[in-house]
Amino acid sequence: MTGLLEIFDPKAPPRAIGIDLGTTNSLVAYVKNERPTAVLDCNGHALLPSVVHYGDRGEVVVGENAALRAAESPRETIVSVKRFMGRGADDPETERLGPYAFAKPSSSEPNVVRFLVRDRAITPVEVSAEILRTLKHLAEDELRSVGGAVITVPAYFDDAQRQATKDAGRLAGLEVLRLLNEPTAAALAYGLDKKQNGKFAVYDLGGGTFDITILVLDNGVFQVCSTGGDSALGGDDMDRAIAHELFELSGRNWKVASPRDVRIALDLARAVKHGLTSGDEVEVENPFSTEPKSLVITRARFDALIEPLLARTGAACRRALKDAGLKATELDGVILVGGATRVLAVRAYVAKLFGKEPLADIDPDEVVALGAAVQADLLAGEGTANDVLLLDVIPLSLGIEVGCGLVDRILPRNTTTPAVARATYTTQQDNQTGFEIHVVQGERELAADCRSLAHFTLRGIPPMPAGMARLEVTFRVDADGLLSVHAHEQTTGHEQSVSVKPSYGLDDDTIEQMLLDAIDHGEEDIMARRLAEARTLAQRIIGSTKKSLEVDSDLLEPGEKERILTALSALEKITSEAKGDDARRVQLHIEDLDAATKDFAGRRMNRAIARAIAGQKLEAVEHTVEHAKGLEAAHAPRRST
């Protein structure tokens, strides 16, 4: 048999990538041979769980290995961090069911969420940066060199949440080419793949956010007509509803439950949700009782629990259709995006709401990243579909506070981006020498009910009677949906500009210091990451080897157990004592244990296959063998050159 290796050009330029930074899972993709392709990890998985664990030795673990630690270390393992992006420390979202502890900001600190983790205060931006950094490393393993990145965000993310996402990309060492709305990315992947024109709704229900976008696809032009949604609504809320039910069935009060019990309930709830996508009921063992007792959740009960959540998505959908000036019957299709759309009740609700079966023939978990990869390829000048044009919109109105605390909208929602708009104001009092400008975002009439984005002052206006000064305020929104404001007093020529940095974000000095810290400790951080990864792998192998020795001890040959135990002991010792640049030593001991267990593992596999095919027909046996080959290929080491 001849092995084949893909040829890489060492002089090839860095490749642009698209990243879907999701609530539950994240993934990275790129364009290969004119087709968007998801990057797979060494186990053949495209999805990286959006989970970050902070260890007691300073190590940071991201993904599946982090998720496995959530129950035992609920406050040191951050799950669904996307729901906290761009939010203030006093935001109601931080007080919902969850196991975390939060630090209270001092008067000199930005009003941003900070998780208390092992006596450290860690922001959602930093947590998200760890996820993005891991995705960047995965892409580098595949492509050797990574260029710019397009990162997707929910269409209904406000300016603060977008800025926080862009900050996380910078902190991860990425050149962020564009922030792209998730429904638009999905439509881009779907439209280019299907070569289909028409009016479409993109119903995007992910782990923590919901978006509805109405758009028109017309020969490469993607015109967004309207968008709406809820940045705090998604599959996590379904999990919370089930978790509350589990606590109630157990006779427990979740409000006084320990962080560990809350995390166990949420993880169990997610498993129940997944089970009900194919079964009529799910029976689970009561995790809060020492006596063997089962809890049963039926699909009918689950549907009733999430009915209020679906109703919230329906209200947003009807509003988006009204803003677009369309009826549901005028749509050519409804595209499903997001893992939560796999729930059967969601699909039934969407079909009833729009009067047609939704389209889900592209994997809803991957379609956003695939569209982001296409956009990244185009922005990098590599794409062949140069006639593609994306026309997105502003999700929420932008304006300033005027007299009596009212809001004057300068850029209304659903304005196509990039966008520029101007408005002129005057003074309210005689001899007024300055303007206090308060920039807000939202649809409410009072500034106090909208999201405060920035305050700044234009000074130096000479004393004049009220109504004489003329202040022209210009709003500019770039392709990322980020706002800058320019104020110009026309009689004097005084002017002031500000790139709006929401009070809920991190200031530039903080981000810059984080970047400098990352550079100063770059080599040290790389060694720590490699050691943490090697230690995590070793611990998993140690556990599985010990279990194998217990379960299949009768397969051991004379002297074999002693050799395995010797290699196992050596690996345990180096794993517990390793530090600094010992990652390679840990890896060598892993290889020693692998060599010692190779023959034993082969005999265990033969037994497992024999048990699996016993009494089966030939066709079933062939299927089992092919499945085994697929598993073997999926777990084989990645190729290298």
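Calculation rules
Residues numbered from 1 in each chain as written. Predicted model: local features only at pLDDT ≥ 70, side-chain atom pairs only at ≥ 80, totals over all residues. Heavy atoms only, no water. Pairing = 2+ DSSP bridges. Helix = DSSP H or I, 4+ residues; strand = E, 2+ residues; numbered from the N terminus. Axes fitted to C-alpha atoms, helices over the stretch in contact; angles between N-to-C directions. Contact = heavy atoms within 4.5 Å. Buried < 20%, exposed > 50% of the residue type's maximum accessible area, 1.4 Å probe, protein only. Salt bridge = Lys/Arg side-chain N within 4 Å of Asp/Glu carboxyl O. Phe/Tyr/Trp six-rings, centres within 6.5 Å; stacked < 30°, edge-to-face > 60°.

Participant: Could you give an account of the sheet that holds strand β7 (residues 77-79), with specific residues and numbers?
Facilitator: The strand order across the open sheet formed by three strands is β6-β5-β7, and the pairing between neighbours is antiparallel. Across the chains shown, the open sheet's two edge strands, defined by having one partner strand only, are β6 (60-62) and β7. Pairwise comparison of adjacent strand axes, ignoring direction, gives a mean angle of 15° for this sheet. Here strand β5 (residues 51-54) pairs with β7 via three bridges, running antiparallel. Looking across to β7, one finds that V51 is bridged to V79. Contacts from helix α2 (residues 124-143) reach β5, β6 and β7 within the one sheet, and its direction differs from that of β5 by about 110°.

Participant: Before we move on, can you summarise the environment of F456 with the specific residues and values?
Facilitator: Position of F456 relative to the elements: it lies in strand β23 (residues 451-459). On the basis of relative accessible area, F456 is assigned to the buried category, the value being 7%. Counting along the chain gives 29 residues from F456 to V485, while the straight-line C-alpha distance between them is 9.9 Å.

Participant: Give a detailed account of the pattern of salt bridges, specifying residues and quantitative values.
Facilitator: Counted under the stated rule, the structure contains 28 salt bridges. R240 serves as the salt-bridge partner of D237, at 3.7 Å between the closest nitrogen and oxygen. Within this pair, D237 and its partner R240 are both found in helix α5 (residues 235-249), separated by three residues, close to a single helical turn. Here D237 and R240 have matching classes, each one buried. Between D267 and R263 there is a salt bridge, with its nearest N and O atoms 3.3 Å apart. Taken together, the residues D267 and R263, both in helix α6 (residues 259-275) and four residues apart, mark about one turn of the helix. The exposure class of D267 is partly exposed, given its relative accessible area of 32%. One salt-bridge network, in which partners are shared between bridges, spans D236, D239, R270 and K273.

Participant: So, the packing of aromatic side chains: which residues are in play, and what are the values?
Facilitator: As enumerated under the stated definition, the model contains eight aromatic pairs in all. Both rings, one in Y100 and one in F102, keep their centres 6.5 Å apart while their planes meet at 70°; by these two values the pair is edge-to-face. Overall, Y100 belongs to the buried group, its relative accessible area being 12%. Accessibility expressed as a relative area gives 28% for F102, which makes it partly exposed. Ring centres 5.6 Å apart and planes at 35° place the aromatic pair F102 and F115 in the tilted group. With F102 in the loop between β7 and β8 (115-117) and F115 in strand β8, this residue pair connects regions lying 13 residues apart in the sequence. Take F115: its relative accessible area is 1%, and that puts it in the buried class. An aromatic cluster is present here, built from F84, Y100, F102 and F115 joined pairwise through their rings.

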